[in-house]
Amino acid sequence: MLCGFASLEEVFRTEFGAVLQCSNKNCYWLEFAGDCTPFKVADFLHLRRKIEEIDISELLFDPSP
């Protein structure tokens, strides 16, 4: 659940989720799969890098772990 004191500005939104920026708490909120999770800026950038490292085409053609 989002903090009542948060001052949120939408950064990005799709039908799957959204990223919101909170100036009061200096963090980002990730809305995904019905849940909202706060991230400090460094944590959010780390998550973004990890997601960008995923090779989707490799997963499509080789689903083995």
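Parameters and conventions
Residues numbered from 1 in each chain as written. Predicted model: local features only at pLDDT ≥ 70, side-chain atom pairs only at ≥ 80, totals over all residues. Heavy atoms only, no water. Helix = DSSP H or I, 4+ residues; strand = E, 2+ residues; numbered from the N terminus. Buried < 20%, exposed > 50% of the residue type's maximum accessible area, 1.4 Å probe, protein only. Contact = heavy atoms within 4.5 Å. Areas by Shrake-Rupley, 256 points an atom, 1.4 Å probe, with all protein chains shown as cover. Pairing = 2+ DSSP bridges. Axes fitted to C-alpha atoms, helices over the stretch in contact; angles between N-to-C directions.

A.B. asks: So what exactly am I meant to see when it comes to the overall build of the chain here?
C.D. replies: Of regular secondary structure, the chain possesses two helices and four strands. The secondary structure elements of the chain, listed N-terminal to C-terminal, are β-β-β-β-α-α. Counting all 65 residues of the chain, 17% fall into the buried class. Of all intrachain contacts in the chain linking residues separated by at least 6 positions in sequence, the fraction that spans at least 24 positions is 11%. For the chain, the accessible area works out to roughly 5,500 Å², and carbon and sulfur atoms hold 59% of it.

A.B. asks: I tried to follow the sheet that holds strand 1 (residues 8-13) on my own but got confused; where do I start?
C.D. replies: Strand pairing in a sheet relies on backbone hydrogen bonds, with the paired strands running either antiparallel or parallel. An order of 1-2-3-4 is seen for the four strands of this open sheet, with the pairing classed as antiparallel. Looking at which strands have only one partner, the edges of the open sheet turn out to be strand 1 and strand 4 (35-40). Strand-to-strand twist across the sheet, computed as the mean angle between neighbouring axes with direction ignored, equals 25°. Sheet topology note: the strand 3 (residues 27-32)/strand 4 ladder contains six bridges and is antiparallel. Across the sheet, the residue bridging to glutamate 31 is cysteine 36, located in strand 4.

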